[in-house]
2 protein chains.
Amino acid sequence: MPLDRSIIASLPLFEGLSPAELDGVLKDARAARFPKESTIFEQEAEVRSFFVLLAGHVRVVRATPDGRQVIARYISEGEIFGIAAALGRLTYPATAIAAVDCVVLVWPNAVWPDLAARFPVLSAGTFKTVGSRLQDAQARVVELATEHVEQRVANALLRLANQTGRKTEAGIEIDFPIWRQDIAEMTGTTLHTVSRLLSAWEERGIVVSGRQRVTVTDAHRLVLLAQHRSKD
Amino acid sequence: MPLDRSIIASLPLFEGLSPAELDGVLKDARAARFPKESTIFEQEAEVRSFFVLLAGHVRVVRATPDGRQVIARYISEGEIFGIAAALGRLTYPATAIAAVDCVVLVWPNAVWPDLAARFPVLSAGTFKTVGSRLQDAQARVVELATEHVEQRVANALLRLANQTGRKTEAGIEIDFPIWRQDIAEMTGTTLHTVSRLLSAWEERGIVVSGRQRVTVTDAHRLVLLAQHRSKD
DNA sequence: GCGCCGGTTTGCGCCAGCGCAAATCCCAAG
DNA sequence: CTTGGGATTTGCGCTGGCGCAAACCGGCGC
């Protein structure tokens, strides 16, 4: 396993583990590569593993019975995901797809109880991750329930820019291929509406976008759009 | 503390604890009564305690910066809530209000790490609870993103009926006072639309409703409404 | 260089559901 | 019994945003 141990050791999740302990944690793990657009695990499939993302970006998608789908979140480097087992589930609630070529650590889910018991740091860190996902999900519920499409799309772009933005001379570019349909599935709208919004924003100099690419050039005005109250 | 220990012992959360262990868990708890419509904890307030609901129903509400609010969930008897501390938060992300007169157990949040370490059953149970809340929240995201108001309201009523329904001769009655505005805040719509829907459903014999009261008389047809695809 | 294919843009018509406003109803206090 | 106020119902007009369809565009393979 030619993995850089020091990079792994520096992940927040493993903070506070001694090198020996880290060895113990990693003993049961294997590294795996997932090429762009390949499936890491599938919704409804039996839970066999949990994962830590070392490099790349992962898209987590929930499909509805009638074939529509919603992007639950993007996983960034260093995050733990696929932890359905720890939450007492037998099947994955969503599908995970590599948005770009990815490197992940994989543990068989059976080792979780042991790891969690031996390394409270891990358990607490996972609690924290789950907690922030819960916050996140509930914030999105509020957003979907109270805000207009324009605000939601603005918010989604801002979140992406914050989470995975790469600074370029033009502005903050979202660091993986994303197309209109994706943004629509993050915000509960249609690719048509997203396209219209991006076009309008591009005209006003707030974003620059093209095929599978979005760059936020004026984050400040985008924030204003995101906060815009219908009653002001 | 004139609390019926056996009732507490029978809660799923405490399953698997010996009577002695249960004593240890309860040693740090105190019981408290919250009258109808009183606030148990407030959004943004510093986290001081976590709670288990012994009797009653609690409404958990998130307020938006512009004064609108969204009902995150109703807590039923036996559930743990206000566990922001376990999730690494310093303030509560929402406000909890007693929907009816309530009895709760209260722990100072400082005892959580100790309890979690000493009683893995508690920790795992809380993980499970948080996991199911996360599922729930993400399911609501999908619902809000893909379904129409009619389906969302139908789903909300079905969830309430399942979670807290009381069988009467007329059908399944929701067991606490709930008004149109509440249902609107659970589903991201307005009380007007909810009222129109309930009126229409009442005409068709699917529900009976009145002031602060809803009874589902034909759950089967309500399920059909909830599942109705726009393209059928 | 050309054509194809999938992503993107844009126009157009429509309607679900919101906002406003008024009427009505029902409980509870007096 | 009467009255007041909050909950609920209902009508009406308007519009945000969807669905459909067509045009457009840019990269890639041949």
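Going along each chain's sequence as written, the residues are numbered from 1 onward. Chain letters start at A and ligand numbers start at 1, both assigned in the order the entries are written. Predicted model: local features are reported for residues with pLDDT of at least 70 only, side-chain atom pairs are reported and counted for 80 or more only, and whole-chain, interface and lining totals are derived from all residues. To get the side-chain values, all heavy atoms of the structure are used, and hydrogens and water are removed first.

Naming follows an unreviewed UniProt entry, where chain A appears as CRP-like cAMP-binding protein of Mesorhizobium sangaii.

Ring geometry is summarised as follows: Phe, Tyr and Trp rings, the Trp one being its six-membered ring, pair when their centres sit within 6.5 Å, and such pairs are stacked at plane angles under 30 degrees, edge-to-face over 60 and tilted between the two. Scanning the model with the defined rule gives 19 aromatic pairs over all chains in all. Taken together, a centroid distance of 6.4 Å and an interplanar angle of 50 degrees make the contact between Phe14 of chain A and Trp107 of chain A tilted. Linking Phe14 of chain A in the loop between helix 1 (5-9) and helix 2 (19-27) with Trp107 of chain A in strand 8 (residues 102-108), this pair joins segments that are 93 residues apart in sequence. Side by side, Phe14 of chain A and Trp107 of chain A carry an identical accessibility label, which is buried. On the basis of an interplanar angle of 25 degrees and a centroid distance of 5.6 Å, the ring pair of Phe41 of chain A and Phe51 of chain A is categorised as stacked. Here Phe41 of chain A is found in strand 2 (residues 39-41), whereas its partner Phe51 of chain A is found in strand 3 (residues 49-55), with 10 residues between them in sequence. Ring-pair connections join several aromatic residues into one group, and the members of that group are Phe14, Phe50, Trp107, Trp112 and Phe127 of chain A together with Phe14, Phe50, Trp107, Trp112 and Phe127 of chain B. Runs of E in the DSSP output that reach at least two residues are strands. Runs of H or I that reach at least four are helices, and both are numbered from the N terminus. Under the scheme applied here, a residue whose accessible area is under 20% of the maximum for its type counts as buried, over 50% as exposed, and between as partly exposed, the area being computed with a 1.4 Å probe on protein chains only.

With that settled, consider the nonpolar core. As a rule of thumb, soluble globular proteins bury nonpolar side chains together. Core analysis: the biggest nonpolar cluster contains 56 residues, and Phe14, Val52 and Trp107 of chain A together with Phe14, Val52 and Trp107 of chain B have the highest contact counts within it. In what follows, a contact means two residues having at least one pair of non-hydrogen atoms within 4.5 Å. Setting aside residues up to four positions removed in sequence, Val52 of chain B forms contacts with Leu11, Leu13, Phe14, Gly78, Glu79, Ile80, Phe81, Val103, Val104, Leu105 and Trp107 of chain B. Among buried residues, those of type Ala, Val, Leu, Ile, Met, Phe, Trp, Tyr and Cys that are joined through side-chain atoms within 4.5 Å constitute a nonpolar core.

So, on to the side chain of Arg73 of chain A. All names here are of chain A. If you trace the backbone, Arg73 turns up in strand 5 (residues 69-75). Reaching out from Arg73, the side chain makes a polar contact with the side chain of Glu79 at a distance of 3.2 Å. In this structure, Arg73 is in contact with Val58, Arg59, Val60, Glu79, Arg133, Asp136 and Gln163, ignoring residues within four places of it in sequence. Here a polar contact means two N or O atoms within 3.5 Å. Within protein one must be a hydrogen donor candidate and the other an acceptor candidate, and residues neighboring in sequence count only if both atoms are side-chain atoms.

Let's shift gears to the protein's contact with DNA strand C. The full set close to DNA strand C counts 19 residues, and Arg180, Ser195 and Gln212 of chain A together with Thr189 and Thr193 of chain B are the nearest of them. Counted by atom, the contact set of DNA strand C within 4 Å of the protein is 64% sugar and phosphate. The separation between a phosphate oxygen of DNA strand C and a polar side-chain atom of Ser195 of chain A is 2.6 Å. Between a phosphate oxygen of DNA strand C and a side-chain N or O atom of Thr193 of chain B, the distance comes to 2.2 Å. Among the elements of the structure, helix 7 (191-203) of chain A together with helix 7 (191-203) of chain B are those that each provide at least two residues to the surface near DNA strand C. No other element matches the four residues that helix 7 of chain A contributes to the surface near DNA strand C. For the surface near DNA strand C, a count of residues per class yields two nonpolar, 11 polar and six charged. Think of it this way: one heavy atom of a residue within 4 Å of a molecule or strand is enough to make that residue near it. Think of it as three bins: nonpolar holds Ala, Val, Leu, Ile, Met, Phe, Trp, Tyr, Cys and Pro, charged holds Asp, Glu, Lys and Arg, and polar takes everything else, Gly as well.

Superposing the copies works by least squares over the C-alpha atoms of residues that have pLDDT at least 70 in both of them. With an RMSD of 0.1 Å, the fit of chain A onto chain B corresponds to turning through 180 degrees and sliding 0.0 Å along the axis. The two molecules are tied by a two-fold rotation axis, judged by turn and shift. Interface residue correspondence from chain A to chain B reaches 100%, placing this contact among same-surface, isologous pairings.

UniProt positions are given in the numbering used here, feature names are shortened, and annotations may be inferred rather than shown by experiment. Per the UniProt annotation, the sites labelled "domain: Cyclic nucleotide-binding" (unreviewed entry) are residues 13-105 of chain A. Secondary structure content for residues 13-105 of chain A is 10% helix and 41% strand, while the C-alpha to C-alpha distance between its ends is 13 Å.

Before going further, it helps to examine the protein's contact with DNA strand D. The environment of DNA strand D is formed by 19 residues, the closest being Thr189 and Thr193 of chain A together with Arg180, Ser195 and Gln212 of chain B. Near the protein, meaning within 4 Å, the atoms of DNA strand D are sugar or phosphate in a fraction of 61%, with bases accounting for the rest. Contact between DNA strand D and Ser199 of chain B: a phosphate oxygen at 3.0 Å from a side-chain N or O atom of the residue. Breaking the surface near DNA strand D down by element, the ones donating at least two residues are helix 7 of chain A together with helix 7 of chain B. Top element by residues in the surface near DNA strand D is helix 7 of chain B. It accounts for four residues. Looking at side-chain class alone, the surface near DNA strand D contains two nonpolar, 11 polar and six charged residues.

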